[in-house]
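Fold and contact review
What follows is the residue order along each chain.
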Amino acid sequence: MTIQQNITQIQTQINYYLDQANRPQSAVKLLAVSKTKPVDAILAAYQAGQIAFGENYVQEGIDKISYFQQQHIELEWHFIGPLQSNKTRLVAEHFDWMQTLDRIKIADRLNEQRPYYKAPLNILIQINISDENSKSGIVPSEMLTLAKHIQNLPHLRLRGLMAIPAPTDDIQQQEQAFNAMNALFIELQQSFPDAQIDTLSMGMTDDMASAIQCGSTMVRIGTAIFGARNYHK
Ligand SMILES: *Cc1c(COP(=O)(O)O)cnc(C)c1O
């Protein structure tokens, strides 16, 4: 299947799962995760109507962003990988969203480094919801402290939460993590009623159905759009 056909199929699946969950058809946004994939693949997805793309590696992401700027093709870029503090400037200057915020220090640097002529950088707080082996994401009890801090930074705009649960084929375990995320998301919305907290980023190729069932508003899909990744170039 072509990238275009894959995107059409995923949109159909998203709508089907939304329907199953009695949620409205437009409630989930598709983020195409293009890490390791060439600009041709991104262009094919764009021609199929895809606008939002996720990248995990700063330099690879910046190269692609520059390429499409030169082509005068306007896309929306989400940083979804782990971020070291010495690379925050590149994310602040080039991306539209930062989905993996889990430290006050990184928030402060992104706020300082976001160019004044750009819209505030959209921020998701990454929660470590179930993966004991992962160092990424904060524990749920730290969510409100970090959120309050971000709310006071004028060049950042807190939009919600993101999680990468420990991979499992067990649907009940998937739903347990995603339901816990949805509860935190509601708590965040209720704690900041005047903020635009509208994004719960969860669900990938293998657990998209559970994520949508449990309230995801953004699924991050790589393999099902672009095919398997080859890390050994
Ligand atoms: C790679 C990646 C994805 C996409 O995963 P697939 O299983 O290929 O759909 C989603 N989110 C994050 C944070 C990733 O690193």
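Rules and cut-offs
- Residues numbered from 1 in each chain as written.
- Predicted model: local features only at pLDDT ≥ 70, side-chain atom pairs only at ≥ 80, totals over all residues.
- Heavy atoms only, no water.
- UniProt positions renumbered as here; feature names shortened; annotations may be inferred.
- Near = heavy atom within 4 Å.
- Polar contact = N/O pair within 3.5 Å; in protein donor to acceptor, adjacent residues only side chain to side chain.
- Areas by Shrake-Rupley, 256 points an atom, 1.4 Å probe, with all protein chains shown as cover.
- Axes fitted to C-alpha atoms, helices over the stretch in contact; angles between N-to-C directions.
- Helix = DSSP H or I, 4+ residues; strand = E, 2+ residues; numbered from the N terminus.
- Parallel < 35°, antiparallel > 145°, perpendicular 65-115°, else oblique.
- Left-handed = near helix turned anticlockwise from the far one by under 90°.
- Contact = heavy atoms within 4.5 Å.
- Nonpolar A, V, L, I, M, F, W, Y, C, P; charged D, E, K, R; others polar.

The name given to the protein chain in an unreviewed UniProt entry is Pyridoxal phosphate homeostasis protein, with the source organism recorded as Pasteurella oralis. Looking at the Function (unreviewed entry) heading of the UniProt record, one finds this comment for the protein chain: "Pyridoxal 5'-phosphate (PLP)-binding protein, which is involved in PLP homeostasis." The UniProt entry for the protein chain carries the following text under Sequence similarities (unreviewed entry): "Belongs to the pyridoxal phosphate-binding protein YggS/PROSC family."

1. Overview of the site of the ligand
Lining the immediate environment of the ligand, one finds 13 residues, of which K35, N56, T205, T223 and R229 sit closest. In the environment of the ligand, an oxygen atom lies 2.5 Å from a nitrogen or oxygen atom belonging to the side chain of T205. Residue R229 places a side-chain N or O atom 2.8 Å away from an oxygen atom belonging to the ligand. Here the ligand loses 91% of its free accessible area of 390 Å² to cover by the protein chains.

2. Structural notes on the packing of helix 6 (residues 143–151) against helix 7 (residues 171–191)
Interaxial distance between helix 6 and helix 7 falls to 11 Å at its minimum, and their mutual angle equals 40 degrees. Between helix 6 and helix 7, the crossing angle belongs to the class labelled oblique. Of the two elements, helix 6 crosses helix 7, and the hand of that crossing is right-handed. Facing M143, L144 and A147 of helix 6, the residues of helix 7 in contact are L184, E187, L188 and S191. Each residue belonging to the contact of helix 6 with helix 7 can be placed in one class, and the counts come to five nonpolar, one polar and one charged.

3. Here we look at the UniProt feature "modified residue: N6-(pyridoxal phosphate)lysine" (unreviewed entry) in the protein chain
Within this structure's numbering, the places UniProt gives as "modified residue: N6-(pyridoxal phosphate)lysine" (unreviewed entry) are K35. Its place among the elements puts K35 in the loop between strand 1 (29–33) and helix 2 (39–47).

4. Describing the environment of Q189
Turning to its location among the elements, Q189 is positioned in helix 7. Sequence separation between Q189 and D170 is 19 residues, and the spatial gap between their C-alpha atoms is 29 Å.

5. A word on the UniProt feature "domain: Alanine racemase N-terminal" (unreviewed entry) in the protein chain
Cross-referencing UniProt, the feature "domain: Alanine racemase N-terminal" (unreviewed entry) maps to residues 20–229 in the present numbering. The distance separating the terminal C-alpha atoms of residues 20–229 is 30 Å; by composition the span is 38% helix and 18% strand.

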